[in-house]
Amino acid sequence: MRADVDVDRSQHERWLRAPVLGLVGLAIGLGTVGCAGVRENPDAIPSSEAADAAIPAFSGPWASEFESAYAEATTSFEREILQDGVITEAEYAEMREGLQSCLFSQRFEEVEFSPRGGMSVVGPDSISGEEQLKRAQHCSETSGEATIGALYSWIRRNPEHLDDATIVVECLLRHAAVRADYSAVEYGIDMPNDAVPILPGVSASVLSECSEDPLGVNPLQPE
């Protein structure tokens, strides 16, 4: 059974998309993953220490998001990477290695990463889709994907933190996908309702492309 972990970088939200029942995954024994299905993280910051930690004075267009991510971080690994306000390619790769290791320890297989931050995994059929998503979420949080991974992808997509609705609409206009007077305000209303008025004859994929890479700085290429 495949469980897709999607990251909506344009809206600064993360969620887990429920797997499609009926898809055939790999039947794998759970082994010794514990009664609750997830292991304790030895790198976890004690709750009292996490609450008392001073937040660095971040600067730059993504300073507010770095502050939030640092405050929400649950491991020392996350805070060590976030504290300088920069996430390097090497640091991102290290986070992904930890995420992959965690997923494999939970008996997931065929872990696939997309260039824009998405992830899909195939888990054992012997546990429910809900439990698979719970375990994937656990790995996302304990590896730093939920903080480091999200920020890295957001910054790659929109380095200067420009207004999101504006840059997406500008992309749609460049592709002649919406009427010429379509505004960012209208997009902000239409997008949450899945009602962006793409013109007849224009592929719906243009909306996805403009949402994922409005500035054309993060082309979709195999890793």
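All values reported here derive from a predicted model rather than from experimental measurement. (Residues numbered from 1 in each chain as written. Predicted model: local features only at pLDDT ≥ 70, side-chain atom pairs only at ≥ 80, totals over all residues. Heavy atoms only, no water.)

A. Examining the environment of L207 more closely. Topologically, L207 is positioned in helix α9 (residues 205-212). Separated by 32 residues in sequence, L207 and H175 place their C-alpha atoms 9.6 Å apart. Excluding residues within four positions of it along the chain, L207 makes contact with L172, Y187, V196 and I198. (Helix = DSSP H or I, 4+ residues; strand = E, 2+ residues; numbered from the N terminus. Contact = heavy atoms within 4.5 Å.)

B. View of the confidence of the model for the chain. Per-residue pLDDT for the chain averages 81, and the proportion of residues at 70 or more is 76%. In this model residues 5-37 is a low-confidence stretch, pLDDT under 50, and it forms 86 contacts with partners more than four residues away in sequence or in other chains. (pLDDT = per-residue confidence, 0-100.)

C. Up close: the pairing of strand β3 (residues 109-113). As paired strands, β3 and strand β4 (residues 119-122) are joined by three bridges and run antiparallel to one another. Of the residues in β4, the one forming a bridge with E112 is S120. Between β3 and β4, which pair antiparallel in sequence order, lie five residues; one of them, G117, sits at a positive phi of approximately 105°. (Pairing = 2+ DSSP bridges.)

D. Local environment of the nonpolar core. The biggest cluster of nonpolar side chains holds 17 residues, and the ones touching the most others in it are F66, L82, I87, I148 and L151. Residue assignment for this core shows that the elements contributing at least two residues are α2 (63-72), α3 (76-82), α4 (89-105) and α6 (145-157). With 13 residues, the next largest nonpolar core counts L172, V178, Y182 and V196 among its residues. (Core = buried A, V, L, I, M, F, W, Y, C linked by side-chain atoms within 4.5 Å. Buried < 20%, exposed > 50% of the residue type's maximum accessible area, 1.4 Å probe, protein only.)

E. View of the state of the cysteines. A complete count under the given rule lists two disulfides for this structure. The disulfide partner of C171 is C210, and the gap between their sulfur atoms is 2.1 Å. Sign of the S-S torsion, about -70° for the bond between C171 and C210, identifies this disulfide as left-handed. One end of the pair, C171, is in helix α7 (residues 164-174); the other, C210, is in helix α9, with 39 residues separating them in the sequence. On the basis of relative accessible area, C171 is assigned to the buried category, the value being 3%. Counting only the cysteines that take part in disulfides, in the order they occur along the chain, gives the pairing 1-2, 3-4. (Disulfide = S-S within 2.5 Å.)

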